[in-house]
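Per-entry structural report
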Amino acid sequence: MNIFISFDMEGIAGIDRFSDEIKQTKRYSDAIHAHVRAVVEGIQHSSRNDEVEHITIVDSHGEGKNLDYLLLSEMDPRIELISGYPRKDFMMTAIEGHDIAFFLGYHAGSGHHHGNMNHSYSTHFHRVTVNDIKVSEAMINQIVAKDYDVPVGLVIGDSGLYGQLILEGYMPYVEYVVTKESLGHNAVRHKNFALLRREIVEKVDKVLSKDIMSLPLGDIYAPYRVVVETNRTLHADKVEIVPGISRLDGYRVGFTAETGTELIDTLMTLEAMCRV
């Protein structure tokens, strides 16, 4: 069995704003690695631990330079780390060949009320929809995983994303661990980590005990009609020059993708253009 872990930071407990990774470097590093360690412990304590051959951890926040390679290597010899930016399929790089995916540290999509650091792939995007459904990064990345028949079995993130995926019914079949209650964009109630660690270990074991081949792959189907509403007309001006992109109005652009990888790579192209 090969396990794929896509890591993001905004859904990690102990962190409440983007500046923490720069201004609170040690606290930030301790928090993200403690969560990764809990997931790895869950794998190691699972009854199917002996079946696990590879654990791929994809550093998917910012420039993809958040996780410590040596520290991860010490956690388990089966771990390999993918880091750096830019790269193809960014948050889902090298998903092919895995049996199950975990999303760690994920967060609410853009515009969600009480979503800590909420956004959908870019803080320059006001809203992203796929087939007229407002999507989060978790929903987009599940579409990519579906290209390779890899089910998403576990999501670990904030209460805002829990509301979107579980309570609103977009991915109600995944196991979910709430890391913190999001009170606002920069405000949260952090769950005690001893309790959180136990929940993560238990949920990892629960997921791995399932019949993985029978897990759902998602309910959004191709063709994927994507609409990106930017925060500034300048950003829409920039990205409409990309082949295949249609300008819809002052703020919105659209495109159609036939696969999840086409969707994510086009979206990442627009994200990169909006950075400058």
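Residues numbered from 1 in each chain as written. Predicted model: local features only at pLDDT ≥ 70, side-chain atom pairs only at ≥ 80, totals over all residues. Heavy atoms only, no water.

- Per an unreviewed UniProt entry, the chain is named D-stereospecific aminopeptidase, and its organism is Aedoeadaptatus nemausensis.

1. Side note on the overall build of the chain
- For the chain, the helix and strand inventory stands at eight helices and 13 strands.
- Taking 276 residues into account, the globule formula puts the C-alpha radius of gyration at 19 Å, and the chain, at 18 Å, falls close to it.
- Along the longest, intermediate and shortest principal axes, the C-alpha atoms of the chain span 55 × 40 × 35 Å.
- When the 276 residues of the chain are sorted by exposure, 55% land in the buried category.
- For the chain, the exposed surface amounts to about 11,600 Å²; the carbon and sulfur share of it is 51%.
- One finds the centroid of the 27 positive side-chain charges in the chain at a distance of 6 Å from the centroid of its 40 negative side-chain charges. (Helix = DSSP H or I, 4+ residues; strand = E, 2+ residues; numbered from the N terminus. Rg over C-alpha atoms; globule rule 2.2 N^0.38 Å. Buried < 20%, exposed > 50% of the residue type's maximum accessible area, 1.4 Å probe, protein only. Areas by Shrake-Rupley, 256 points an atom, 1.4 Å probe, with all protein chains shown as cover. Lys, Arg positive; Asp, Glu negative; His and termini not counted. Charge placed at Lys NZ, Arg CZ, Asp CG, Glu CD.)

2. Description of the domain arrangement of the chain
- Entries for the chain in the domain assignment read domain 1 (2-122 + 136-214) and domain 2 (224-274).
- Centre-to-centre, using C-alpha coordinates, domain 1 lies 26 Å away from domain 2.
- Contacts between the two partners involve 15 residues from domain 1, matched on the other side by 11 residues from domain 2.
- Applying the counting criterion to the domain 1 and domain 2 interface returns one salt bridge.
- Salt-bridge contacts for Asp265 lead to Lys88; the nearest nitrogen and oxygen are separated by 2.6 Å.
- Summed over the shared surface of domain 1 and domain 2, the result is five residue pairs in polar contact (both at pLDDT 80 or more).
- A per-class count over the side of domain 1 that touches domain 2 returns nine nonpolar, two polar and four charged. (Domains from an automatic or database assignment. Contact = heavy atoms within 4.5 Å. Salt bridge = Lys/Arg side-chain N within 4 Å of Asp/Glu carboxyl O. Polar contact = N/O pair within 3.5 Å; in protein donor to acceptor, adjacent residues only side chain to side chain. Nonpolar A, V, L, I, M, F, W, Y, C, P; charged D, E, K, R; others polar.)

3. Let's talk about the pattern of salt bridges
- Tallying each qualifying case throughout the model produces 20 salt bridges.
- Note that Asp237 is salt-bridged to Arg247, the shortest N-O span being 2.9 Å. One end of the pair, Asp237, is in helix α7 (residues 233-239); the other, Arg247, is in strand β12 (residues 246-247), and 10 residues separate them in sequence.
- Through salt bridges with shared partners, one network takes in Glu175, Lys203, Lys206 and Lys210.

4. Examining the UniProt feature "binding site: Zn(2+) 2" (unreviewed entry) in the chain
- With numbering matched to this structure, UniProt assigns "binding site: Zn(2+) 2" (unreviewed entry) to Asp8, His61, His107 and Glu137. A maximum C-alpha distance of 11.5 Å places the annotated residues, which cover 130 residues in sequence, within one compact spot. Set against the largest pocket, the annotated residues named above that line it are Asp8, His61 and Glu137.
- Given the relative accessible area of 7%, His61 is considered buried. (UniProt positions renumbered as here; feature names shortened; annotations may be inferred. 1 Å grid on protein atoms, 1.4 Å probe; cavity = no way out; pocket = protein on both sides within 12 Å on 5 of 7 lines; lining within 4 Å.)

5. Considerations on the environment of Val188
- By secondary structure assignment, the location of Val188 is in strand β10 (residues 187-190).
- Not counting the four nearest positions on each side in its chain, Val188 is found in contact with Ile15, Asp16, Asn116, Lys180, Glu181, Ser182 and Leu183.

6. Some points on the packing of helix α4 (residues 137-147) against helix α8 (residues 260-275)
- Their axes nearest at 7 Å, the elements α4 and α8 cross at an angle of 140 degrees. Taken together, the axes of α4 and α8 are oblique relative to one another. For the pair α4 and α8, the contacting residues are Ile140, Asn141, Ile143, Val144 and Asp147 in the first and Gly260, Thr261, Leu263, Ile264 and Leu267 in the second.
- Tallied by class, the residues present in the contact of α4 with α8 amount to six nonpolar, three polar and one charged. (Axes fitted to C-alpha atoms, helices over the stretch in contact; angles between N-to-C directions. Parallel < 35°, antiparallel > 145°, perpendicular 65-115°, else oblique.)

7. Remarks on the nonpolar core
- Counting residues in each nonpolar core, the largest one holds 47 residues, and the members touching the most others are Val155, Leu165 and Leu270.
- Taken domain by domain, the makeup of this core includes at least three residues from each of domain 1 (2-122 + 136-214) and domain 2 (224-274).
- Residues Met9, Ala38, Val52 and Leu154 belong to the second largest nonpolar core, which totals 37 residues. (Core = buried A, V, L, I, M, F, W, Y, C linked by side-chain atoms within 4.5 Å.)

8. Examining unusual backbone geometry
- Following Tyr85, the chain continues to Pro86 via a peptide bond in cis, the omega torsion being 0 degrees.
- Mapped onto the elements, Pro86 comes out in the loop between β3 (79-82) and β4 (100-106).
- The omega torsion across Ala222 and Pro223 is 0 degrees, close enough to zero to call that bond cis.
- Relative to the helices and strands, Pro223 is located in the loop between α6 (193-208) and β11 (224-230).
- We note that Ala94 has phi near 70 degrees; this positive angle belongs to a residue other than glycine.
- Mapped onto the secondary structure, Ala94 falls in the loop between β3 and β4.
- For Ala94, a relative accessible area of 38% gives the class partly exposed.
- Backbone geometry places His114, a non-glycine residue, at a positive phi of 60 degrees.
- With respect to the secondary-structure elements, His114 resides in the loop between β4 and β5 (125-130).
- Its relative accessible area of 39% is what places His114 among the partly exposed residues.

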